[in-house]
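Fold and contact review
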Amino acid sequence: QRSAVVSANTILLDTPRNLQLRRANVQFQIAEHPNADKTVNIQLRTDVVALYVTLTTLAQGRFSDNCFVVLPGRESVITFIPFGPLNLEVLRASTRVEDLSSYLATSSSA
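Position numbers for residues count from 1 along each chain, tracking the sequence in the order it is written. The model is predicted, so local features are restricted to residues of pLDDT at least 70 and side-chain atom pairs to those at 80 or more, both for listing and for counting; the totals for chains, interfaces and linings are taken over all residues. Side-chain metrics rest on all non-hydrogen atoms present in the structure, leaving aside hydrogens and water.

**Some remarks on the nonpolar core**
With 18 residues, the main nonpolar core has Ile42, Leu44, Val53, Ile78, Phe80 and Leu91 as its most contacted residues. Every helix listed is a DSSP run of H or I at least four residues long, and every strand listed is a run of E at least two residues long, numbered separately from the N terminus. For this core, the secondary-structure elements that each account for two or more residues are strand E2 (40-45), strand E3 (50-56), strand E5 (68-70), strand E6 (76-82) and helix H1 (88-94). Within the second largest apolar cluster, five residues are counted, among which are Leu19, Leu51, Leu100 and Leu104. Here, nonpolar core means buried Ala, Val, Leu, Ile, Met, Phe, Trp, Tyr and Cys residues that are tied together by side-chain atoms lying within 4.5 Å of each other. Under the scheme applied here, a residue whose accessible area is under 20% of the maximum for its type counts as buried, over 50% as exposed, and between as partly exposed, the area being computed with a 1.4 Å probe on protein chains only.

The following block contains the structure:
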């Protein structure tokens, strides 16, 4: 029997404002075609550790996960789950990604 991760949580040992993070370059790619159940896979990758990665879109629906960690060298895949009919064009045109490093004054690219 295969086991699956049901829940994963990252616990910071300090407040986010005290972290010294390098500015992450989080990139995502939306699948060309929806899955059979009309959900859409989204692949994410980053060059450095990205904390509290959050996706937003104007498309009506939700993401299978949000506010999560993406590690360099590891591809993360989440799913967009539409509310009603899928509007792939709106999903592609309006999806954006953010992470904690983009909001910290101490973030640097070095």
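**Considerations on the sheet that holds strand E1 (residues 27-30)**
Strand order in the open sheet formed by four strands is E1-E2-E6-E4, with antiparallel pairing between adjacent strands. This sheet does not close on itself; its edge strands, each paired only once, are E1 and strand E4 (61-63). The average undirected angle you get between the axes of adjacent strands in this sheet is 25°. Here the rule is simple: two strands pair whenever DSSP picks up at least two bridges between them. Between the N-to-C directions of two axes lies an angle of 0 to 180 degrees, each axis being a line fitted to C-alpha atoms and, for a helix, fitted only over the stretch in contact.

**What to know about unusual backbone geometry**
Notably, Lys38 is not glycine yet its phi reads approximately 75°, a positive angle. Its location among the elements puts Lys38 in the loop between E1 and E2. With a phi close to 55°, Tyr52 is a non-glycine residue in the positive phi region. On the secondary structure map, Tyr52 appears in strand E3.

**Re the sheet that holds E5**
Read from one edge of the open sheet, three strands run E5-E3-E7, paired in antiparallel fashion. Each edge of the open sheet carries a strand with a single partner, namely E5 and strand E7 (96-98). For this sheet, the mean angle separating the axes of adjacent strands, direction not counted, is 45°. As paired elements, E3 and E5 share two bridges and run antiparallel to each other. Note on E5: the bridge partner recorded for Val53 is Phe68.

**Considerations on the pairing of E2**
When a strand is regular, its side chains alternate between the sheet's two faces. The side-chain alternation of E2 yields one buried face, formed by Val40, Ile42 and Leu44, and one unburied face, formed by Asn41, Gln43 and Arg45. Direction of pairing for E2 relative to E6: antiparallel, over a ladder of five bridges. Note that in E6 the partner of Asn41 across the bridge is Thr79.

Everything listed here is a matter of geometry and, on its own, says nothing about what the molecule does.
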